[in-house]
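Overview (structure and organization)
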There are 2 protein chains.
Amino acid sequence: MQGSTQTPSQPATAYPPTDRTVPTRSPDRASYDRELVHAILDEAYVCHLGFVRDGAPVVLPTLYARVGERLYVHGSTGSRPLRAAGQADPGLPVCLTVTHVDGLVLARSAFHHSINYRSVVVHGVARDVTDPEEKRQALDALVDHVVPGRAADSRPANKKELAATAVLRLDLDEVSAKLRTGGVNDEPEDLALPHWAGVVPVRRTYGTPIPDPALAADTALPDYLQGR
Amino acid sequence: MQGSTQTPSQPATAYPPTDRTVPTRSPDRASYDRELVHAILDEAYVCHLGFVRDGAPVVLPTLYARVGERLYVHGSTGSRPLRAAGQADPGLPVCLTVTHVDGLVLARSAFHHSINYRSVVVHGVARDVTDPEEKRQALDALVDHVVPGRAADSRPANKKELAATAVLRLDLDEVSAKLRTGGVNDEPEDLALPHWAGVVPVRRTYGTPIPDPALAADTALPDYLQGR
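Our subject in this report is the structure included herewith. (Residues numbered from 1 in each chain as written. Chains lettered and ligands numbered in written order. Predicted model: local features only at pLDDT ≥ 70, side-chain atom pairs only at ≥ 80, totals over all residues. Heavy atoms only, no water.)

On to the interface of chain B and chain A. At the interface, 87 residues of chain B touch 86 residues of chain A. Both faces considered, chain B and chain A share a buried interface measuring about 7,000 Å² in area, 64% of it formed by carbon and sulfur atoms. Among the residues of chain B in contact with chain A, P57, R155 and W196 of chain B are the three that bury the most area, contributing 11% of the side total. At the boundary of chain B with chain A, the tally comes to four salt bridges. Between R155 of chain A and D190 of chain B there is a salt bridge, with its nearest N and O atoms 2.8 Å apart. Between chain B and chain A we count 29 residue pairs in polar contact (both at pLDDT 80 or more) in total. For the side of chain B that touches chain A, the element with the highest residue contribution is strand β9 (residues 198–206) of chain B, accounting for nine residues. A class-by-class count of the residues in the side of chain B that touches chain A yields 49 nonpolar, 21 polar and 17 charged. The pairing of strand β9 (residues 198–206) of chain A with β9 of chain B spans five bridges and is antiparallel. (Contact = heavy atoms within 4.5 Å. Buried area = accessible area lost by both parts, 1.4 Å probe. Salt bridge = Lys/Arg side-chain N within 4 Å of Asp/Glu carboxyl O. Polar contact = N/O pair within 3.5 Å; in protein donor to acceptor, adjacent residues only side chain to side chain. Helix = DSSP H or I, 4+ residues; strand = E, 2+ residues; numbered from the N terminus. Nonpolar A, V, L, I, M, F, W, Y, C, P; charged D, E, K, R; others polar. Pairing = 2+ DSSP bridges.)

Dropping the structure here:
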């Protein structure tokens, strides 16, 4: 790969680093490990998709799903990035970023305050999915990525809905993870300061599901929602 | 403002819409209300910052703070976007996006599955903050935005730390919020389907603070962390 800084010690299960996936600072926080990248991607379902419009950056939140080494996003065929990707040849250059916030790191010094996080940044070209079977599978994956098991327990998209939906594919080629974990990194001379220091864990949690008012009263909460 | 589509009915407390802040679809989900935008921005502390490098989009997660009608982000003076903004004249064109996920919307049809969310998208030019007093205030705001009250209860940055930190300012001029709230929007003919339908609330929650191992045993948890 052009611009690669891959070294012989890089395991085969890693994405080859490139000029733009090697950070200029805190390189120790970067990882190219495939399993780690997949785990971070699979735990979230909203990404921030960046593209360039009229020379300026645009960043929009959107749902995504991973199928093997492919990511899919979808939207109305009328939405700007979807239209742009459909019209561009070979596709739309994008940067897709996923971030989990895991903790607030409160150091004794303002400077060393930080966030524990795990993020994945994917660079590539998003291509319009035109194959009907791939499109159907991608749409199922998008539903199942948010609630595993749900795609089989809902009415599949009909022809009209399929025609109104555009799906983009982004291959996982140029990918990096970045993460900060652990505790406070204060300067030794600050350790005696009186300020409380430590980490406040942050989590995403789910509340009790709220049934649709039109739902029949005897409709059981499905198993795939019991654990949430 | 150039490209403005503002109408006389737009209240003075709203950001004037522009070509790029009026969505091509679901315009009913867009808002330019200043108070709503501020509330969405103040509830989060990690944004996704997009910029263009070598013609391609880059999206990175980063902390931010709001001070009135200004947003601040910070980073190492060695990091790419901070360096680019310092070198560019008048600054670095960016798109800064903040998203809260509030619920998973499970419709009877796959097509109508959705997410309840609130997002803010800010377009503009990020400028390097060179005034020392503004820089100090911005750094305090960045700490207080994550944990209100914390800046006064930590050691302020010293000269070396200030010199190592770059701060960018982005004015809130071209801004829009977008949100989806409420329940399921199924087609009338789907209401009799047997699938469970409803909304699963999503929240960000905080765990019990974990003190730094080097912390003196009698250091009390500060008031500003009691509520979390």
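Turning next to empty space enclosed by the protein. For the structure shown, the criterion picks out two cavities of 30 Å³ or more. In this structure, the largest cavity occupies an estimated 40 Å³ of space. Lining of the largest cavity is provided by L49, L71, Y72, V73, V94, L96, A126, L168, R169 and L170 of chain B. Its residues assigned to classes, the lining of the largest cavity shows nine nonpolar, no polar and one charged. Looking at the second largest cavity, the residues that line it are L49, L71, Y72, V73, L96, A126, L168, R169 and L170 of chain A. (1 Å grid on protein atoms, 1.4 Å probe; cavity = no way out; pocket = protein on both sides within 12 Å on 5 of 7 lines; lining within 4 Å. Points joined across faces, edges and corners; volume = space filled by probe spheres on them.)

Relative to the assigned elements, A56 of chain B resides in strand β3 (residues 56–67). For the pair formed by A56 of chain B and D19 of chain B, sequence separation is 37 residues and the distance between their alpha carbons is 22 Å. Residue contacts for A56 of chain B: discarding those within four places in its chain leaves R20 and V52 of chain A together with F51 of chain B.

Applying the stated criterion across every chain, the model contains zero aromatic pairs over all chains. If you follow R34 of chain A out to its NZ or CZ, it ends over the ring of Y15 of chain A, 4.3 Å from the centre. (Phe/Tyr/Trp six-rings, centres within 6.5 Å; stacked < 30°, edge-to-face > 60°. Lys NZ or Arg CZ within 6 Å of the ring centre and 35° of its normal.)

If you rotate chain B by 180° and push it 0.0 Å along the axis, it lands on chain A with an RMSD of 0.0 Å. Interpreted geometrically, this transformation is the action of a two-fold axis. Relative to the rotation axis, the closest C-alpha in chain B is found at R204 of chain B, a distance of 2.3 Å. Most of the interface of chain B is mirrored in chain A: 99% of its interface residues are interface residues there too. (Least-squares fit on C-alpha atoms with pLDDT ≥ 70 in both.)

On to helix α3 (residues 132–146) of chain B. Along an α-helix, a turn takes 3.6 residues, which lines up residues three or four apart on a common side. Its 15 residues give α3 of chain B an end-to-end C-alpha distance of 22 Å, which sits within 8% of 21 Å, the value for a rise of 1.5 Å per residue. When α3 of chain B is considered as a whole, its buried residues turn out to be E134, K135, A138, L139, A141, L142, V143, H145 and V146 of chain B. (Expected span 1.5 Å × (residues − 1). Buried < 20%, exposed > 50% of the residue type's maximum accessible area, 1.4 Å probe, protein only.)

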